[in-house]
Amino acid sequence: MSASMGGAGALRGARRGGEFVLQVALTLLGLLAVTFFIGRVVPIDPVLAVVGDQAPRDVYEAVRAELGLDQPLWMQFWLYVQKMAVGDFGTSLVTNRPVLDDIARVFPATLELATIATIIGVVLGVPMGIAGAVYQDRWPDQLVRVIGLVGYSVPIFWLGIMGLLVFYGILGWVAGPGRLGVFFEDIVTPITGVILIDAAIAGEWEVFWNAVSHVVLPAAVLGYFSIAYIARMTRSFMLDQLSQEYVITARAKGLSEARIIWVHALKNISVQLITVIALSYARLLEGAVLTETVFAWPGLGRYLTTALLAADMNAVLGGTLVVGAVFVGLNLLSDALYKLMDPRAR
Amino acid sequence: MNNPRTSGATSNWRAQLLTDTPASRNQARLGQFYRGWLQFKRNKLAVLGLLIVLLLIVVAAFAPWIATHDPYAQDLSRRLLPPGTPGNWLGTDEFGRDTFSRLVYGARITLMIVVLVAAIAAPIGLLVGTAAGYLGGWVDAVLMRLTDVFLAFPSLILALAFVAALGPGIENAIIAIALTAWPPYARIARAETITIRNSDYIAVARMQGARTARILWAYIMPLCIASLVVRVTLDMAGIILTAAGLGFLGLGAQPPMAEWGAMISAGRRYVLDQWWVATIPGIAIIVVSLAFNLLGDGLRDVLDPRKS
């Protein structure tokens, strides 16, 4: 009896696993289709984008054949998928290096920024959202509402510029644009690519504190948008929980209000919260493009915008693909965590 | 005026609008509209949002009469003047152009972007969503998979890639933003369609021999409009911010166009000494996106009470 049930369970598990793999593969193929569409179909003539409109006829034809544009469209797509599958994103016109190498080099900087911003968003946003729900329609709730509304209405690059003006220009509390001061560059050998960790490993505390003073402002600006989103969502989840019957039961049993909120209700919203945090992490990648431009932060966002202005399509599409893949990966991760933590979703 | 007892005429039309037994379809429709307005009016912040949006429209329409200067006229002897200068009350930029006049003309560009993006993206989403929801089967599977793929990219990144392929410029920025904005509308329209596709009145229309296109157009799409309007209004702030971001990166409106995001980008170089050049257009963006957010919240409470 139990053996047959175990067998059925394993079969179901395998089928689910198969469906999952198929879903991931289809989504990735979709991402490739979109970038292919943007790179090959949208421009009126992709060859002109490479050679310029002054090129002689034979050069034009050579590049056209090299790009595979004399093939039928489905064949071009198939060649594109094959190249991408082995990580050949082409060569960047700006740096003259493989795009994938470039991205691997700049990505840790973006990761560093987005991670610190998310930590700020969770540490401040969750308690604020809870306070908003507990003191509904009183001043903490109004504050959460205002922060949320402003977060949805302020251009992030403007907030960054204003932050630089006030905290760097006027008050002088933080370092200016960039990731490290000129005198601190190349002291630490990169191991993880995340300067804060590398400096700590090497024991170079002066470098570490210089890096901290550079990262505080951009991370705070990005973190603000994370706070706005996380606090808003936490508030609405918490309001849902506080109207449940188990809360009344707990109160009737004489449990302290703090215990009800921070132990019982928080445990129940933790699953939804993880989804929201993963989503906000993914959204920070988007905010990072503009923030990195303002703060001259050498990450993926700045790499993308530099490539854009130089019309370097290989780098643009490679970067877009990586961001899309990370976005999809975070969504899948939050789905998986959801199922792991909530027995009802299994 | 508002007291029905003091004014016979007022109480008359109001009673006619609020009656429970309307005599014609138009009277019922107007009455419903009026009830919605009464409810909307109680939300003071939403009314404020509406007033600001109306002000934006008025400023955009009458820009040549409101602006004090030609927004493109340079005067290098009067560059980077602070706000409060006689003749240029919001100061001037790095070419000595009047900031206030540029803001006024910038309202036209902002409004144009918002209206065009909504006019392109909402019909695409409506068509994709209602077709997927009503037809079901493989059409639904294909269309929704397509929608998911577009949703898999953060919208600014996808818009950047489109602009890179199309070339920088305001028209291309609008197309790029519209191409990234439609998927949520398709989702909403599909969800609405699925809840109503098995209704009796749809079955009646089908039995009367209405074609699929007619059922979609005349029986399903009108019912999706309310939730779509709410969502589009709430998205307008995001559209404004994305457009400003593209302008800031130099990929949207090109100089010398008076676009607010591009104005911030130009003022950025002078921000430590002449803070106002970058600050003032930012405040304009905040006020307008805030207004659209407040208006959208108010409309949602009236048109779509389930989701508030």
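Nothing here was measured: the structure is a model prediction, and the numbers come from that model.

Asks: Looking at this structure, how should I read the overall build of chain B?
Replies: Within chain B, the regular secondary structure consists of 12 helices and 0 strands. Taken from the N to the C terminus, the helices and strands of chain B come in the order α-α-α-α-α-α-α-α-α-α-α-α. When the backbone C-alpha atoms are referred to their principal axes, chain B occupies close to 75 × 60 × 30 Å. For chain B, with 308 residues in total, the buried portion stands at 52%.

Asks: In this structure, what is going on with the interface of chain A and chain B? I would like to understand it.
Replies: With 41 residues of chain A at the interface, the matching set in chain B holds 40 residues. When the two sides are added together, the surface that chain A and chain B hide from each other amounts to roughly 3600 Å², 83% of it contributed by carbon and sulfur. Here chain A and chain B share 0 salt bridges between them. For the pair chain A and chain B, the number of links is 6 residue pairs in polar contact (both at pLDDT 80 or more). Residue composition of the side of chain A that touches chain B, by class: 29 nonpolar, 10 polar and 2 charged.

Asks: Is there a simple way to think about the UniProt feature "domain: ABC transmembrane type-1" (unreviewed entry) in chain B in this case?
Replies: Here the UniProt-annotated "domain: ABC transmembrane type-1" (unreviewed entry) positions come out as residues 107-296 of chain B. Secondary structure content for residues 107-296 of chain B is 83% helix and 0% strand, and the end C-alpha separation is 19 Å.

Asks: Sorry, what's going on with the pattern of salt bridges here?
Replies: Between side chains of opposite charge, pairing is possible as soon as their charged atoms come close. All chains considered together, the criterion is met by 13 salt bridges over all chains. One salt bridge connects Arg251 of chain A with Glu257 of chain A, and the closest N-O pair in it is separated by 2.8 Å. Accessibility expressed as a relative area gives 37% for Arg251 of chain A, which makes it partly exposed. Given the relative accessible area of 36%, Glu257 of chain A is considered partly exposed. In this structure, Asp297 of chain B and Arg300 of chain B form a salt bridge, with 3.0 Å as the shortest nitrogen-oxygen distance. Of the two residues, Asp297 of chain B and Arg300 of chain B are both situated in helix H12 (residues 276-303); the distance of 3 residues between them amounts to about one turn of the helix. The network of salt bridges with shared partners includes Asp137, Asp141, Arg145 and Arg235 of chain A.

Asks: It is not clear to me how the UniProt feature "transmembrane region" (unreviewed entry) in chain A should be interpreted in this structure. Could you clarify?
Replies: Residues and elements named next belong to chain A. Per the UniProt entry, the sites bearing "transmembrane region" (unreviewed entry) are residues 20-38, 113-135, 155-175, 211-231, 261-282 and 315-338 in this numbering. From the first C-alpha to the last, residues 20-38 spans 27 Å; its make-up is 100% helix and 0% strand. This span, residues 261-282, is 100% helix and 0% strand, and a straight line between its end C-alpha atoms measures 28 Å.

Asks: Help me understand the packing of aromatic side chains, please; the structure alone is not making it clear to me.
Replies: Each aromatic ring pair is described using two quantities: the centre-to-centre distance and the angle formed by the ring planes. Residue and element names in this part refer to chain A. Tallied over the full model, the rule gives 13 aromatic pairs over all chains. A ring pair is formed by Phe167 and Trp173, whose centres lie 5.9 Å apart and whose planes are at 40°; its orientation type is tilted. The exposed category is assigned to Trp173, whose relative accessible area is 63%. Grouping aromatic residues by their ring pairs yields a cluster made of Phe36, Phe77 and Tyr80.

Asks: I would appreciate a short explanation of the UniProt feature "transmembrane region" (unreviewed entry) in chain B in the present structure.
Replies: Residues and elements named next belong to chain B. Per the UniProt annotation, the sites labelled "transmembrane region" (unreviewed entry) are residues 45-67, 109-137, 149-167, 212-230, 236-254 and 275-295. Each end of residues 212-230 is marked by a C-alpha atom, and these two atoms are 26 Å apart; helix forms 100% of the span and strand 0%. With 95% helix and 0% strand, residues 275-295 has end C-alpha atoms that lie 31 Å from one another.

Asks: Is there a simple way to explain the domain arrangement of chain A in this structure?
Replies: Accessible area lost upon the coming together of the parts is a frequently used measure of interface size. All names here are of chain A. Taken domain by domain, chain A consists of domain 1 (2-85) and domain 2 (99-164 + 223-345). Its C-alpha centre places domain 1 at a distance of 31 Å from the equivalent point of domain 2. Taken together, the contact between domain 1 and domain 2 spans 9 residues of the former and 8 residues of the latter. Carbon and sulfur atoms supply 90% of the area that domain 1 and domain 2 bury against each other, a total of about 790 Å² over both sides. Summed over the shared surface of domain 1 and domain 2, the number is 0 salt bridges. Summed over the shared surface of domain 1 and domain 2, the result is 0 residue pairs in polar contact (both at pLDDT 80 or more). It is helix H1 (residues 2-41) that provides the largest number of residues to the side of domain 1 that touches domain 2, a total of 8 residues. Split by residue class, the side of domain 1 that touches domain 2 holds 6 nonpolar, 3 polar and no charged.

Each value, and the rule that gives it
One numbering rule holds for all chains: residues counted from 1, following each sequence as written. To label them, take the chains in the order written and letter them from A, then take the ligands in the order written and number them from 1. Two thresholds apply to this predicted model, a pLDDT of at least 70 for residue-level local features and 80 or more for giving and counting side-chain atom pairs, whereas whole-chain, interface and lining totals are computed over all residues. Computation of side-chain values covers all heavy atoms of the structure but excludes hydrogens and water. For helices the rule is a DSSP run of H or I covering at least 4 residues; for strands it is a run of E covering at least 2, with both sets numbered from the N terminus onward. The buried label applies to any residue whose accessible area, calculated with a 1.4 Å probe on protein chains only, is under 20% of its type's maximum; exposed applies above 50%, and partly exposed to all values in between. Throughout, a residue-residue contact means that at least one pair of heavy atoms, one from each residue, lies within 4.5 Å. What gets called buried area is simply the loss in accessible area from a 1.4 Å probe that two parts show on being joined, summed for both. One side-chain nitrogen of Lys or Arg within 4 Å of one carboxyl oxygen of Asp or Glu is enough to make a salt bridge. The term polar contact refers here to a pair of N or O atoms within 3.5 Å; inside protein, the definition further demands a hydrogen-donor-capable atom paired with an acceptor-capable atom, and it admits residues adjacent in sequence only when both atoms are side-chain atoms. Throughout this entry, Asp, Glu, Lys and Arg are counted as charged residues, while Ala, Val, Leu, Ile, Met, Phe, Trp, Tyr, Cys and Pro are counted as nonpolar. The remaining residues, Gly among them, count as polar. UniProt positions are given in the numbering used here, feature names are shortened, and annotations may be inferred rather than shown by experiment. Planes of paired rings set the category: under 30 degrees apart is stacked, over 60 is edge-to-face and the rest tilted, where pairs are Phe, Tyr or Trp rings (Trp by its six-membered ring) whose centres lie within 6.5 Å. What marks off one domain from the next here is an automatic or database domain assignment.

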